[in-house]
Amino acid sequence: MDYRTVLDKIYKAVQPYAGLGKNADYIPSLANVNPDKFGICIVTDKNQSFEVGDAEERFSLQSITKVFALAMCLSLKGEELWKRVGKEPSGTAFNSLVQLEVEHGLPRNPFINAGALVLTDIMLTSLDNPEEKFIGFVRELCGDDTICYNTDVARSERETAYLNAAIVNLLKYHRNIECDVERVLEFYFKMCSVEMNCRELATAFLAFANRNKEFSYAGFSLTSSQVKRMNAIMQTCGFYDEAGEFSYLVGLPGKSGVGGGIAAIYPGRYSVAVWSPRLNSKGNSIMGMKALELLTTETMESIF
Ligand code: GLN
């Protein structure tokens, strides 16, 4: 497949969508990012990479980091994990409180905020130095020791985190959080604040696309069956209440974040990361989704 030509074509084809949507502004430091950035990078199973646009500029991963947290928690807890968090699509916004009340503090899945806050609590109670372990794991996935937290972004999010604070308190009320709620929020925002560029993110996600290679990074290991199941959860829950739309338009497992990034996987073939900060009303990148739709349409490479 001539990915270089495909990406050049996509780059031109997404231009009419430039200017639609806006940055996440509920996190003050994300509101200040240049909204007109666009980058995309594909990394193949042979480790070849192809990129266009702002693919070398780092951005805030936000909810994409929930995939790394899930991998670590599955490695730590195995099937036990599902006693504390479900694996059903939510059909609600990533920061919704509605189901959590009705379902007595058991989050629908690990990729909505409530689920990721439970993962955060599990990591805090299971690991010494969880901050160090998390960043160590992510660095090994990327093969890059310079990946780090952006503590200014984490602090900026904490200052306006009324909704996430409500979610973690509701979880605590239902006894699905063991640690102090403030500590859970602190570590959760730190994980969200990790920055990568498109090439680094696609490289990190390649580990989830490599079907039969060993998954073992910084002491956290998954079986190929667990990796396969992580893909299933990305497919059904990776885009909150737009998971169906993403499946329909793109047809790849993936995960989005309100920093405007999306990472997706074609199992056994490639991983792809795209970044454009302007979001739609569901919190997903408009140009990013369009670019991935064009990628799978143009190449006819999707899981369907
Ligand atoms: N840090 C963000 C939040 O908790 C992550 C949300 C997202 O990327 N969808 O609101």
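Structure first, text after, so check above.
Let us look at the structure shown here.

A few points about the site of the ligand
1) Next: Among the 13 residues in the neighbourhood of the ligand, the closest are listed as Tyr26, Gln62, Ser63, Glu157 and Tyr188.
2) Next: One of the side-chain nitrogen or oxygen atoms of Asn113 is found 2.9 Å away from an oxygen atom of the ligand.
3) Next: Computed on the free molecule, the ligand has an accessible area of 300 Å², of which 100% lies beneath the protein chains in the complex.
4) Next: Broken down by class, the residue content of the shell around the ligand amounts to six nonpolar, five polar and two charged.

Brief notes about helix α5 (residues 113–126)
1) Next: Taking 1.5 Å of rise per residue, 14 residues should cover 20 Å, and α5 covers 20 Å from first to last C-alpha, within 8% of that figure.
2) Next: Among the residues of α5, those classed as buried are Asn113, Ala114, Gly115, Ala116, Leu117, Val118, Leu119, Thr120, Asp121, Ile122, Met123 and Leu124.
3) Next: Packing partners of the buried residues in α5 comprise α3 (65–77), α4 (98–102), α6 (130–142), α8 (162–173) and α9 (181–192).

Concerning the packing of aromatic side chains
1) Next: As enumerated under the stated definition, the model contains 17 aromatic pairs in all.
2) Next: The interplanar angle of 90° and the centroid separation of 6.4 Å between the aromatic rings of Phe134 and Phe187 together place this pair among those described as edge-to-face. One end of the pair, Phe134, is in helix α6; the other, Phe187, is in helix α9, and 53 residues separate them in sequence. Judged on exposure class, the residue Phe134 and its partner Phe187 are both buried.

Examining the packing of α8 against α9
1) Next: Where α8 meets α9, the axes come as close as 10 Å, and the angle between the chain directions of the two elements is 130°. Classed by the angle they form, the pair α8 and α9 counts as oblique. For the crossing formed where α8 meets α9, the hand is right-handed. Contacts between α8 and α9 involve Asn164, Ala165, Val168, Asn169 and Lys172 from the former and Val181, Val184, Leu185, Tyr188 and Phe189 from the latter.
2) Next: Partitioning the contact of α8 with α9 into residue classes produces seven nonpolar, two polar and one charged.

Let's talk about the pairing of strand β1 (residues 39–44)
1) Next: Judged by how many residues are buried, β1 sits mostly within the fold: six of six residues are covered.
2) Next: On β1, burial covers both faces: Gly39, Cys41 and Val43 on one face and Ile40, Ile42 and Thr44 on the other are all buried.
3) Next: Taking the residues between adjacent antiparallel strands as the criterion, β1 and strand β2 (residues 49–53) are bridged by four residues, where Asn47 takes a positive phi near 65°.

So, how was this worked out
- Residues numbered from 1 in each chain as written.
- Predicted model: local features only at pLDDT ≥ 70, side-chain atom pairs only at ≥ 80, totals over all residues.
- Heavy atoms only, no water.
- Near = heavy atom within 4 Å.
- Polar contact = N/O pair within 3.5 Å; in protein donor to acceptor, adjacent residues only side chain to side chain.
- Areas by Shrake-Rupley, 256 points an atom, 1.4 Å probe, with all protein chains shown as cover.
- Nonpolar A, V, L, I, M, F, W, Y, C, P; charged D, E, K, R; others polar.
- Helix = DSSP H or I, 4+ residues; strand = E, 2+ residues; numbered from the N terminus.
- Expected span 1.5 Å × (residues − 1).
- Buried < 20%, exposed > 50% of the residue type's maximum accessible area, 1.4 Å probe, protein only.
- Contact = heavy atoms within 4.5 Å.
- Phe/Tyr/Trp six-rings, centres within 6.5 Å; stacked < 30°, edge-to-face > 60°.
- Axes fitted to C-alpha atoms, helices over the stretch in contact; angles between N-to-C directions.
- Parallel < 35°, antiparallel > 145°, perpendicular 65-115°, else oblique.
- Left-handed = near helix turned anticlockwise from the far one by under 90°.
- Pairing = 2+ DSSP bridges.

In short, geometric facts, not functional conclusions.
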